[in-house]
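Architecture and fold: a report
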Amino acid sequence: MEYNFTEIEKKWQKFWEDNQTFRVTEDPSMPKYYVLDMFPYPSGAGLHVGHPLGYIASDIYSRYKKLKRYNVLHPMGYDAFGLPAEQYAIQTGQHPAVTTENNIRRYRKQMDKIGFCYDWSREVRTCDPKYYKWTQWVFIKLFKHWFNKKTNKAEPVKSLIAEFERNGNSAVEASSDKCRIFSASEWKSMSEKEQQLILLNYRLAYYADTMVNWCPALGTVLANDEVKEGYSLRGGHPVEQKKMKQWLLRVSAYAERLLDSLEKLDWSESLKDIQKNWIGRSEGAVINFKVDNAADKKGRKAEIEVFTTRPDTIFGCTYMVLAPEHELVEKITTPQYNIQVEEYIEETKKRTERERIADTKTITGRFTGAYAEHPFSGEKLPVWISDYVLAGYGTGAIMAVPAHDSRDFDFAKHFDLPVREVVSGGDISQGSYDNPEGILINSDFLNGLNVEDATERIISELEKRGRGYKKINYRLRDAIFSRQRYWGEPFPVCYKNEVPYVLDEDQLPLVLPEVDSYLPTEKGEPPLGRAKNWQTPEGYPLELSTMPGFAGSSAYYIRYMDPNNNNELVSKEANRYWENVDLYIGGTEHATGHLIYSRFWNKFLYDTGVVCRDEPFKKLINQGMIQGRSNFVYRVKNSNKFVSLGLKDNFDVTPIHVDVNIVNNDILNIDLFRKWNPEYFDAEFILEEDGTYRCGYAIEKMSKSLYNVVTPDDIIEKYGADTLRMYEMFLGPLEQSKPWDTSGIDGVHKFLRKLWNLFHNEKNEPCISNETPGADELKILHKTIKKIEEDIERFSFNTSVSAFMICVNDLGALKCNKRQILEKLVIILSPFAPHIAEELWHILGKKESVSTATFPEFKSGFLTEDYIQYPVSFNGKTRLKIDFPADYDKEDIERDLMKNDDVLKYLKGQKPKKIIVVKGRIVNIVV
RNA sequence: GCGGAUGUGGCGGAAUUGGUAGACGCGCUAGACUUAGGAUCUAGUGCCGCAAGGCGUGGGGGUUCGAGUCCCUUCAUCCGCACCA
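A brief look at the structure comes next. Only a predicted model underlies this, so the values are computations on that prediction, with no experimental measurement involved.

Parameters at a glance
- Residues numbered from 1 in each chain as written.
- Chains lettered and ligands numbered in written order.
- Predicted model: local features only at pLDDT ≥ 70, side-chain atom pairs only at ≥ 80, totals over all residues.
- Heavy atoms only, no water.
- Pairing = 2+ DSSP bridges.
- Helix = DSSP H or I, 4+ residues; strand = E, 2+ residues; numbered from the N terminus.
- Core = buried A, V, L, I, M, F, W, Y, C linked by side-chain atoms within 4.5 Å.
- Buried < 20%, exposed > 50% of the residue type's maximum accessible area, 1.4 Å probe, protein only.
- Phe/Tyr/Trp six-rings, centres within 6.5 Å; stacked < 30°, edge-to-face > 60°.
- Lys NZ or Arg CZ within 6 Å of the ring centre and 35° of its normal.
- Contact = heavy atoms within 4.5 Å.
- Polar contact = N/O pair within 3.5 Å; in protein donor to acceptor, adjacent residues only side chain to side chain.
- Axes fitted to C-alpha atoms, helices over the stretch in contact; angles between N-to-C directions.
- Patch = residues over 30% accessible without salt bridge, like charges linked within 9 Å, V, L, I, M, F, W, Y side chains within 5 Å.
- Areas by Shrake-Rupley, 256 points an atom, 1.4 Å probe, with all protein chains shown as cover.
- Salt bridge = Lys/Arg side-chain N within 4 Å of Asp/Glu carboxyl O.
- Lys, Arg positive; Asp, Glu negative; His and termini not counted.
- Charge placed at Lys NZ, Arg CZ, Asp CG, Glu CD.

**Quick notes on the sheet that holds strand S6 (residues 220-222)**
- In spatial order, the strands read S6-S5-S9-S17; together these four strands make up an open sheet with antiparallel pairing. The strands lining the two open edges of the sheet, one partner per strand, are S6 and strand S17 (479-480).
- Note that strand S9 (residues 240-249) and S17 share two bridges and pair antiparallel. Residue pairing across strands places Leu249 opposite Ala479, the latter belonging to S17.

**Looking at the nonpolar core**
- One finds Met111, Leu249, Phe481, Met726 and Leu825 to be the most contacted residues of the largest nonpolar core, which totals 188 residues.
- Ranked by residues supplied to this core, first place goes to helix H5 (residues 129-143) with nine residues.
- Counting residues in hydrophobic clusters, the runner-up holds 51 residues, among them Cys317, Leu328, Val383 and Ala412.

**What to know about the packing of aromatic side chains**
- Within the structure shown, the criterion is met by 67 aromatic pairs.
- Measuring from centroid to centroid gives 5.7 Å for Trp16 and Phe22, while their planes differ by 65 degrees, and the two rings are edge-to-face.
- An aromatic cluster of at least three residues, connected via ring pairs, comprises Phe139, Phe143, Tyr207, Trp247, Phe481, Phe491, Tyr495, Phe550, Tyr597 and Trp601.
- The ring of Phe143 has Arg203 lying over it, and the distance from NZ or CZ to the ring centre is 3.8 Å.
- A cation sits over an aromatic face here: Arg629 above Tyr697, 3.8 Å from the ring centre.

**Comments concerning the pairing of strand S4 (residues 153-156)**
- Looking at chain direction, strand S3 (residues 145-148) and S4 are connected through four bridges and run antiparallel. Considered in S4, the bridge of His145 is made with Pro156.
- If you look at the hairpin formed by S3 and S4, you'll find four residues sitting between the two strands, and Asn152 has a positive phi there, around 60 degrees.

**Regarding the environment of Arg674**
- In this structure, Arg674 sits in helix H20 (residues 670-676).
- When the C-alpha positions of Arg674 and Tyr41 are compared, they lie 36 Å apart, and in sequence the two are 633 residues distant.
- With residues up to four places along the chain from it excluded, the contact list for Arg674 reads Tyr680, Phe681, Asp682, Ala683 and Phe685.
- For Arg674, the side chain forms a polar contact with the main-chain oxygen of Phe681, separated by 2.9 Å.
- At 2.9 Å, the side chain of Arg674 and the backbone oxygen of Ala683 are in polar contact.

**Let's talk about the sheet that holds strand S1 (residues 32-37)**
- One open sheet accounts for four strands, arranged S2-S1-S20-S21; its pairing is parallel. A strand with exactly one partner marks an edge of an open sheet, and here the two such strands are strand S2 (71-73) and strand S21 (617-622). If you compare each strand with its neighbour and ignore which way they point, the axes differ by 20 degrees on average.
- Relative to strand S20 (residues 581-586), S1 runs parallel, the two sharing three bridges.

**Looking at unusual backbone geometry**
- Omega for the peptide link from Leu508 to Pro509 comes to -5 degrees, which places this bond in the cis form.
- Along the chain, the position of Pro509 falls in the loop between strand S19 (499-502) and helix H16 (549-553).
- A positive phi angle, close to 65 degrees, is found at Glu498, a residue other than glycine.
- The phi dihedral of Asn764 falls on the positive side, at around 60 degrees, and the residue is not glycine.
- Among the residues examined, Asn764 registers a relative accessible area of 25% and is labelled partly exposed.

**A look at a negative patch on the surface**
- Judged by side-chain charge, Asp504, Glu505, Asp506 and Glu538 come together as a negatively charged surface patch.
- Within the secondary structure, Glu505 is located in the loop between S19 and H16.
- Note on Glu505: relative accessible area 43%, which makes it partly exposed.

**Points about the side chain of Thr536**
- Positionally, Thr536 belongs in the loop between S19 and H16.
- Discounting residues that sit within four places of it in the chain, Thr536 has contacts with Cys494, Leu503 and Leu542.

**Focus: the pattern of salt bridges**
- For the structure shown, the criterion picks out 55 salt bridges.
- Here Arg281 makes a salt bridge to Glu283, at a shortest N to O gap of 3.1 Å.
- A salt bridge links Arg407 to Asp405; the nearest nitrogen and oxygen atoms lie 2.5 Å apart.

**Points about the environment of His657**
- Relative to the helices and strands, His657 is located in strand S24 (residues 653-658).
- By relative accessible area, His657 is classed as buried at 17%.
- In sequence terms His657 and Cys695 are 38 residues apart; their C-alpha atoms lie 9.7 Å from each other.
- Filtering out sequence-adjacent residues up to four positions away, His657 remains in contact with Ser630, Asn631, Phe632, Trp676, Glu700, Leu706 and Tyr707.
- A polar side-chain atom of His657 sits 2.8 Å from a polar atom in the side chain of Glu700.

Interpretation note: all reported values are geometric properties and have no functional meaning in isolation.
Okay, here's the thing in structure tokens:
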């Protein structure tokens, strides 16, 4: 036996655990560095080879930073509440806590085998009451705060109440729901219930009637980021729109800050773009249009409020459209049109979100019979309803400008409404001219202005006349925060007189109760409706919904700083020391969910003084997906005969996925294939000339159903964890998606064996020389030190693996076993292959873990060369390679070139027009 | 429709600032050793060509002494958003 990775890896994993090698504490004498992985949801399927990619990268970086003398926080935990465990519970009756516990144990086992340097003493689980106590605590805090637009931050509701008592709400500028204006005396005369209901409009966690994404199959509402193209992200079930009373988080209050501070984050541009898109800032104006035939009790005309990004086109407005759900529809529809409008509203209600999206080409709508008045021309504008206007965006109403908006144009053409051009530059007979460029026409006082000036002018005019104002609108919606499910955090909320109140902090955690079934009750209540005594000691009923998945993951990075603190979410000292995450590695699938919510959550905690940094994740890297590489066998139709890839075109065949684990370099192991599926036991094979069965392949998602799943466990058993770690990195750039193909792993494994051999003689006995290394050996070493350091700093781990291979190949060629070289090599390799590094470090006579060493310093002196080989090209084509002394100048080189026979041969007697010499790099002769 | 990413040998990929395209590894070919090889070692391996030489970084055009890299244009694949007013 030579390099016995199984034994070595077990030994050092035990050593790390016994010695608590990676346990960290706050140490003000050292600079901190916080490396975080997106913690996993422990699914029943366990980890496949794609999951640990990011963990390995962050582990390498953590170990590197430790060698660079940083105090590194590198924790891990579990996002343990969630739907799959609960769905499984419904099917099997197994308590989700049990499934979750089992899955966590399996994950931990799998992770331990890879040799990560996590400080497991800091582990968190979102389903642990000691953890979710603090999730509930933050919820209460959100409930007790409102967002003051004047100070642009969250403030206690107490201060809001004080203001109401003093001056009513007229001077309050809050991110809030629409709320009527009241005076201080009105406030004081209100009942407790009335006051509480008003405050709900202001709270950052609030309870309101809202349009939700309802998923009947899952029996719960979903947040916008949990729905994709009308289907639930988890499970792919249809989702419909429904009005329901739900808990929401006022994320929209932070839209501007979430957008602005993206600038200073070291995230990829594409991820920032996704967030920018999701937040969806648009600048425009709110304009009020009076409606003729509807007035309130005091005789004030009703007003349609619209939001537009093109107020400059206001004179091109020829009609108005309300969303079918708009509250004014009922009030303004004239009796004559009542029936058809009601019909239309019924129809749209029936359509699911998915149908609406799928069917965007059919133009539908109804006239309400009402007319609005143009704020400048006084023209009568017919008011329509149509589902192309969304209730949930802007004000749910638009001024239609068919000449300059393609949707309005299509609608106008369909219903034969007038089109009036107001910005020159397009051809209105052909279609709308949406470009915001051109000169205003047919627009009264705006005529002759360009779009930009016209926009400015019209807004000031609107403001002067009190008919509108400048407004920045965001697409980002408040997050629906309740789920009608069991396996999540209970809300610390009870209801008195149907008004929600939060529990006192000292009643936390509010522990998830036991239920006899995980299904909704007969009354249609969530599963918590089945819990016995689900009420406060005073007898008030508790909330029946639970919190969504993103609740527990929104502040977990804070909890790691001080995971066992029972008095605070995080102590001031721990938070001030660790501040925030320096490096966060995870998948891009969380771009609009977790990464928005946790930024929001963090900003709120920053406003309230709980944490000291206003952004949670300074630098973020999205690792690419590892795709599966599937293999196929080709069955001749209506037979049990399988034909090899090279011959399959001669037959009528069906490609069938075959387990990649019984295929090697696309050659099928026929014996294993027969055993793999009894159906194929008697199969016949048509083989290649060389007697092998060659499989086809395709790059697909890694998935059980495609038989292309490779687990880290299998790889570790065959090659060891160090090989797995290095091969995962060797596959390609961290951020790119790339297919997993086990075939290539031999190269990395061979490398580790070659490394082992540098330290051992033919009899596999350790054999280290104390001789002083020569210049060539030092050069190889320092070239590698430099390369590895640079590569790690830019997260180019694939190229560092190559650099190690080159280094070991070169040292192997020199048969170098000199201590001074090998010691440093082991240190720089240890982040990548920690087990073999520890073993070799030990062989070098060290007693401590190699992780306590210091990253060696690169010395440029060892790299200087006497001669430099210059590629010599003629007209840009490389023809020759000539050595020149390193200190040669341009003139020296030119002079020598003209004496060189080969150069003269290529010149064929011509005189060069020009000679370009870039010192130390190239020579180019222009003929 | 909008926004983003990617395109280099049979395959994964390298080339960090405009300066030797294909490092490193897999695979393949030949050889050595071996009872044997899915072990190990040596050599070769972008394409065309016997060769000289020519062609080569998705396609077309440009800037430059010199372009995978910069500019324009176009195609393909993937991802995100989408009646967002």
